[in-house]
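Next come the chains, spelled out residue by residue.
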Amino acid sequence: MATRKGAQSPAPHGADSHDVIRVHGARENNLKDVSIEIPKRRLTVFTGVSGSGKSSLVFNTIAAESQRLINETYSTFVQGFMPSLARPEVDVLEGLTTVITVDQQRMGADPRSTVGTATDANAMLRILFSRLGKPHIGPPSAYSFNTASVRASGGITVERGAAKTKTVKATFQRTGGMCTRCEGRGKVSDIDLTQLYDDSKSLSEGAFTIPGWKSDSQWTVQLYAQSGFVDPDKPIRRYTKKELQAFLYGEPTKIKVNGINLTYEGLIPKIQKSFLSKDKESMQPHIRAFVERAVTFTVCPECDGTRLSEGARSSKIKRISIADACAMEIRDLAEWVRGLKEPSVAPLLEALQRTLDSFVEIGLGYLALDRPAGTLSGGEAQRVKMIRHLGSSLTDVTYVFDEPTIGLHPHDIQRMNELLLRLRDKGNTVLVVEHKPEAIAIADHIVDLGPGAGTGGGTVCFEGTVEGLRAGKTITGRHFDDRSSLKESVRTPSGALEIRGATANNLRDVDVDIPLGALVVITGVAGSGKSSLVHGSIPAGETVVSVDQTPIRGSRRSNPATYTGLLDPIRKAFAKENGVKPALFSANSEGACPTCNGAGVIYTDLAMMAGVATPCEDCEGKRFQAEVLEYRLGGRDISEVLAMSVTEAEEFFGEGEAKTPAAHKILERLSDVGLGYLTLGQPLTTLSGGERQRLKLATHMGDKGGVYILDEPTTGLHLADVEQLLGLLDRLVDSGKSVIVIEHHQAVMAHADWIIDLGPGAGHDGGKVVFEGTPAKLVADRSTLTGEHLAAYVGG
């Protein structure tokens, strides 16, 4: 519209001045009074070495405060049911919008959780089948493997007014789709009886082969022998049907053995309570080995692993049951849904189609809806969480992503970049924590934190554009254009690990020899069958050490010293030096401060408000009793030792009065994986995903296995740290180990002695070995997607 001559242009509207998220004085974790302005409606990438403070700024400050402020808009009654959040350590936070966080947290490993239940796809499919399925078997719950069929009837008492009561007969019925045999799990556990006893012997001859049950004088053995239900002198194989039933499945019964009242129950329920109800990881090695031998998980024979009842499987749309639909690859299911034309459920079909297309668009079309959620990798889980946001009509939202390129082949990273840019172009603010140069390159704005990790980080080293970062002097800028070159000579294998006829998941009868005594990289696009080949086909045993992406368990009482076993030799050294018990030097045992129970802080629950943690006044946050802190080793007390960094402790326990070879060896391994900056007593809950995986790697480096399997060890690693990881892998191989790495990072591929490339695509388009040979040959051939990307990377 033309402006009248001499008229002034309208003054800018006050609402348009809020174009930045302003952070002033952030001090969460290791942040050192960080002040920064982040542009809104732009893509900002946060980078820096692992442990430099990226997550502390993005997740623990910006995202946490936005979530806290949104929670405060609800009534106190509703807030009582929500997680309580404390205000982050920051002076000023302005310009915040609603934050949607898409993090790397693995999905729950509950056997009932699948890709379909974790998204809305299963719920929509159940409604679809309840409307169109023939024969009609009931409401949506009739197609749910998490809902059991229930029938009940009886009298209920109804109170009407003063003392008027009436008994009314009521019946209740609910039709569920759960398979009654496996209870919706798809698998049933079977106990191998030959591992429990030798049926050619009698109980008095020591028939039991269960660990700890072999002695005739053992109470449990006496319980069965003197129960009166079986003849203790008769071989088990000669038991009558009645005796065998009582021996294996007998109901709990009170009996007297040698004048003492005891409860007798059948062997199978006894074993289930004694061994199978416990966490396998916490068992002693010989007990764990027994459980693995004795218990087998087989596909449920009644539902054939579909988890669904016969009724749910009998109802079909166009000859496809809901079990068939969930077993299809999602891209095939999307085509099938597209072919359904039914005006009565048009909105439902449209929403289901949109969800399934989002899976395909994000590169997860190779998954099936019945895939257990716990089997997804960190990268796959993160992309599944993205699905509900892709078609969202919301704008002016802040999306926060934690390394969205994890688990992605270079070929797939471009697609992820397009998705991030599309979210930005809808008018949203996109904040990404990232290490991959290909993902950093698309940023509108870059914030580089550092310069180091832990206490050596927590400051903003650079803000600006990609060109500015390249020209800058920060660690990220210096390493941005790093390219690993191919090895001039590769190692000669000392043997081979033969895999024959591998058919796990999508593998197509794969035969491959994995060289031993070398650094082998297994690669291929996401979903091509890498994990199926390695984890599903290489037999786990004493010689194989597997370091996968499963999160390490740990509470705020756990720290690197307790997790790695480092605290044991330290406690013993303190005890020997001072002539007291080792238990005194544990904050979880006898040495704990009685006021705070060794936590160092007192937690006060404030119901719907954030709980408050105040330092314990008695021990001043040191976690130990005052008398324990008087005992010293090399001039330091136990709390001072736990406050040391790994690098300091390595020097402290390496020489002088405090020399402790067992502790020094563990500290060396922590240093080798690049965790020298961590303090020994730092709670595990404060570690980033990359730090946790490297902590797990350091722990396993002490194992005696000859074959190491590493699943994407570059996860969460800065460009500068990848070089250190390659040095560590070389040292492992040179010490006589065989190292097999599942990896997409081109630097690791270029450094390999041998590459096995799976593909050519994902899901049913993958599952074949498309290349095996040296990296140089892969680059020269350029016959696969990996070959093309690796050739471009090394400049070939």
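Refer to the structure above for everything that follows.
The shown structure was predicted, so the numbers you read here are calculated from the model rather than taken from an experiment.

Trainee: Is there a simple way to explain the overall build of the chain in this structure?
Mentor: A tally of regular secondary structure across the chain gives 28 helices and 27 strands. Relative to its length of 796 residues, the chain is compact, with a C-alpha radius of gyration of 31 Å against a globular reference of 28 Å. The dimensions of the chain, computed from C-alpha atoms along their principal axes, are 110 × 80 × 75 Å. With 796 residues in all, the chain has 48% of them scored as buried. Within the chain, contacts between residues separated by at least 24 positions form 66% of all contacts whose residues are at least 6 apart in sequence. With an accessible surface of roughly 37,900 Å², the chain has 50% of that area assigned to carbon and sulfur atoms. Looking at the chain, you have 90 positive and 96 negative side-chain charges, and the mean spots of the two groups are 7 Å apart.

Trainee: Could you clarify how one ought to interpret the sheet that holds strand β4 (residues 92-94) in this entry?
Mentor: Within a sheet, adjacent strands bond to each other through the backbone by hydrogen bonds, running parallel or antiparallel. Read across the open sheet, the 3 strands follow the order β2-β1-β4; overall the sheet is antiparallel. Either end of the sheet is taken by a strand with one partner, and the two such strands are β2 (34-39) and β4. Sheet twist, expressed as the average angle between the axes of neighbouring strands with direction ignored, equals 5°. Judged from the 3 bridges that link them, strand β1 (residues 20-26) and β4 form a sheet pairing that is antiparallel. In the strand pairing of β4, Arg-22 is matched with Glu-94.

Trainee: Explanation requested: the side chain of Asp-753 in the structure shown.
Mentor: Examined against the element boundaries, Asp-753 turns out to sit in the loop between α26 (746-751) and β26 (754-759). Within the local environment of Asp-753, its side chain forms a polar contact with the side chain of Lys-487, the two groups lying 2.8 Å apart. Within polar-contact distance, the side chain of Asp-753 engages the side chain of Arg-491 at 2.8 Å. If we skip the residues at most four places from it in the chain, Asp-753 touches Lys-487, Val-490, Arg-491, Ala-518, Leu-519, Thr-774 and Pro-775.

Trainee: Honestly, the environment of Val-34 in this entry has me stumped. Any pointers?
Mentor: For Val-34, the location among the structural elements is in strand β2. With residues up to four places along the chain from it excluded, the contact list for Val-34 reads Val-23, His-24, Gly-25, Ala-26, Leu-57, Gly-458, Thr-459 and Val-460.

Trainee: Explain the environment of Glu-183 here, please?
Mentor: Along the polypeptide, Glu-183 turns up in the loop between β7 (165-174) and β8 (187-191). Expressed as a C-alpha distance, the spacing of Glu-183 and Leu-308, which sit 125 residues apart in the sequence, is 8.8 Å.

Trainee: I keep staring at a nonpolar patch on the surface and nothing clicks. Help me out?
Mentor: A surface patch of nonpolar side chains, about 470 Å² in accessible area, is lined by Tyr-74, Phe-77, Val-78 and Phe-81. With respect to the secondary-structure elements, Val-78 resides in helix α2 (residues 76-79). On the basis of relative accessibility, which here comes to 33%, the residue Val-78 falls in the partly exposed class.

Trainee: I would appreciate a short explanation of the sheet that holds strand β20 (residues 519-524) in the present structure.
Mentor: Taking strand neighbours across the sheet as the criterion, the 6 strands line up as β21-β24-β25-β20-β26-β27 in an open arrangement whose pairing is mixed. With partners counted over all chains shown, the strands left at the sheet margins are β21 (544-547) and β27 (768-773), one partner each. The average angle at which neighbouring strand axes cross in this sheet is 15°, direction not considered. In this sheet, β26 lies alongside β20 in parallel orientation, the contact comprising 5 bridges. In the strand pairing of β26, Val-520 is matched with Trp-754.

Trainee: Before we go on, may I ask you to explain unusual backbone geometry in this structure?
Mentor: Comment: phi is negative for the bulk of residues other than glycine, and the bulk of peptide bonds are trans. Between Gly-450 and the following residue, Pro-451, the backbone shows a cis peptide bond with an omega angle of 0°. Note that Pro-451 resides in the loop between β16 (445-450) and β17 (459-464). For the bond running from Gly-759 to Pro-760, omega is 0°, close enough to zero to count as cis. In this structure, Pro-760 sits in the loop between β26 and β27. Backbone geometry at Asp-509 places phi at a positive 50°, although glycine is not the residue there.

Conventions we followed
- Residues numbered from 1 in each chain as written.
- Predicted model: local features only at pLDDT ≥ 70, side-chain atom pairs only at ≥ 80, totals over all residues.
- Heavy atoms only, no water.
- Helix = DSSP H or I, 4+ residues; strand = E, 2+ residues; numbered from the N terminus.
- Rg over C-alpha atoms; globule rule 2.2 N^0.38 Å.
- Buried < 20%, exposed > 50% of the residue type's maximum accessible area, 1.4 Å probe, protein only.
- Contact = heavy atoms within 4.5 Å.
- Areas by Shrake-Rupley, 256 points an atom, 1.4 Å probe, with all protein chains shown as cover.
- Lys, Arg positive; Asp, Glu negative; His and termini not counted.
- Charge placed at Lys NZ, Arg CZ, Asp CG, Glu CD.
- Pairing = 2+ DSSP bridges.
- Axes fitted to C-alpha atoms, helices over the stretch in contact; angles between N-to-C directions.
- Polar contact = N/O pair within 3.5 Å; in protein donor to acceptor, adjacent residues only side chain to side chain.
- Patch = residues over 30% accessible without salt bridge, like charges linked within 9 Å, V, L, I, M, F, W, Y side chains within 5 Å.
- Salt bridge = Lys/Arg side-chain N within 4 Å of Asp/Glu carboxyl O.

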